[in-house]
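Given next are the chains, with one letter for each unit.
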Amino acid sequence: MRSRVLLQIGSLCAESRRRPSFGRLHGRLVHRGRNLSNRLKTPQPCAPGTYNRKEGGKSQDDCEECTPGNYCLGEVKNGVSGPCSPGYICPRGSKTQFEVPAPPGTYSLGATDTATPCEAGTYTVDKGSDSCTDCPAGYYCPLDPLVTDKGNAGDIKDCPEGHYCEARTETPKPCPAGTYSPTKNLHSADECLPCTPGKYCLGGESIVSGDCNPGYYCTGDSSTPRQHECFAGAYCLAGSSYPVLCPIGKYNPDEKSDSDAACKACEPGHYCGRTGLDKVEGECDEGYYCPGGSDSPRPKSNRCKKGQMCPKGSANAIDCTKGSYQESVAQGGCIPCPRGFFCPDKCTGFENTCTAGIGECVAGVIPIQECSTGHYCPKGTTAEVSCPAGTYNPKAGAFTENQCIPCDPGHYCAGTGRDSVSGECDAGFYCTRGASVSRPSDSTGGQCLPGFYCPKAVSYTHLTLPTNREV
């Protein structure tokens, strides 16, 4: 048995010359016939945070740092252990997949060595985020301009008055021109209030910017104090939401008027019957008169009276002139006095139906007068015309001189306007037709002719011849 063991040992020694210097015998390392189990070293893994892709490594110095964005557990592998987890960053030499959490204001999708700053309008409050949260509507999330490697870390601010903030807002947006907002935390431009009528809003303000300018009006969404020019027929005070129309009886031909003084009284002879007129509406109707500021073509208090006339467009009533009359109210003209009558000033008609100055009668009116005896009155006469000397007229209502009768033969008609003869021709004279004196010496008579004698009331045709007259 001893010789067999020695033979086996000898064989091992002979084998050792041909094989590596170490081996196992009954579970123990031997080298050249000696026990080496406590003296030999095994291959060592790279330290955590490193790895070795090459063969023949001799020491830790042959291990490389783990690549950025990855981690290395130090396992016996020829590569990295894996990518960095989302929410974390792995700089060069990272030992675990959770090496460094992404700081607040940043995020990591994993497999990176650098955290990404949150985009404008987003934020993170906690470490280790793999995404950023949108800034909620009604708020804004600003970025610090001095910190370029981080985004917003939870600095969430109220959207201020005069502005609105949609989701993911970094900087508040001003309310549009023509709107404003007295409240915070608006979500959209639609929540901004339209500018108050009569005011203007430049936008981005918590109150209206100011009043609309005089001469202009602002309808409720104005971004300028001169939104609309005040139109003719009206005026606009400061802060007007709509023009003030000129009242009836007035008009205004000008635009951009800024006070009620621009509204002018309607011109005499015309009327302005509606509000907001830029010119007079028309002429006063016939039979009526319109002083300045009239609001109707037929003012009830300005109807033409008896004895007056009011042509179309009259500013005042006109008294009928002498030789004319008007017996009705609301007439445009006067009527020429009819023949056989005469019309003094302001005549009203054939009958005295007026009490002067009362009701529909103009002061001082009188009725038409019939031409009296001894006179005649042509059409349109203002006063009676006396029959001339040597004539008479016993009838009223004559209208021509031909109606004056030549004085009867043997008589005379002294003076004018006689309604009968004056008397008989004097004795010693004769009177033909038309004598105006009792002792005529013209074609109407003369002294009694020689050979005759003439008692009173002798006409030429009735001369008395003496009986001894020679023919």
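Residues numbered from 1 in each chain as written. Predicted model: local features only at pLDDT ≥ 70, side-chain atom pairs only at ≥ 80, totals over all residues. Heavy atoms only, no water.

**Q** Could you clarify how one ought to interpret the pattern of salt bridges in this entry?
**A** Close approach of charged atoms allows side chains with opposite charge to pair. Counted by the stated rule, this structure contains 10 salt bridges. Between R168 and D134 there is a salt bridge; the shortest N-O distance is 2.7 Å. Pair noted here: R168 is in the loop between β16 (163–164) and β17 (173–174) and D134 is in strand β13 (residues 133–134), with a separation of 34 residues, a long-range link. On the basis of relative accessible area, D134 is assigned to the partly exposed category, the value being 38%. Residue K173 pairs with E166 through a salt bridge whose shortest N-O separation is 3.2 Å. (Salt bridge = Lys/Arg side-chain N within 4 Å of Asp/Glu carboxyl O. Helix = DSSP H or I, 4+ residues; strand = E, 2+ residues; numbered from the N terminus. Buried < 20%, exposed > 50% of the residue type's maximum accessible area, 1.4 Å probe, protein only.)

**Q** Help me understand the environment of C263 in this model?
**A** Relative to the helices and strands, C263 is located in the loop between β26 (250–251) and β27 (264–265). Separated by 10 residues in sequence, C263 and P253 place their C-alpha atoms 8.4 Å apart. Discounting residues that sit within four places of it in the chain, C263 has contacts with Y235, C246, P247, K250, Y251 and N252. (Contact = heavy atoms within 4.5 Å.)

**Q** I would appreciate a short explanation of the environment of A232 in the present structure.
**A** Within the fold, A232 resides in the loop between β23 (228–229) and β24 (234–235). Judged by its relative accessible area of 19%, A232 falls in the buried class. Apart from residues no more than four positions distant in its own chain, A232 is found in contact with N252, P253, D254, E255, G276 and D278.

**Q** Where do I start with the packing of aromatic side chains in this structure?
**A** All told, the structure shown has four aromatic pairs when counted by the stated rule. Judged by centre distance (6.1 Å) and plane angle (70°), the rings of F231 and Y242 are edge-to-face. You can see F231 sitting in the loop between β23 and β24 and its partner Y242 sitting in the loop between β24 and β25 (244–245), a full 11 residues away along the chain. Of the residues examined, F231 reaches a relative accessible area of 29% and is grouped as partly exposed. Chaining the aromatic ring pairs together yields one cluster made of Y217, F231 and Y242. Against the face of F399 rests R339, its NZ or CZ located 3.9 Å from the ring centre. (Phe/Tyr/Trp six-rings, centres within 6.5 Å; stacked < 30°, edge-to-face > 60°. Lys NZ or Arg CZ within 6 Å of the ring centre and 35° of its normal.)

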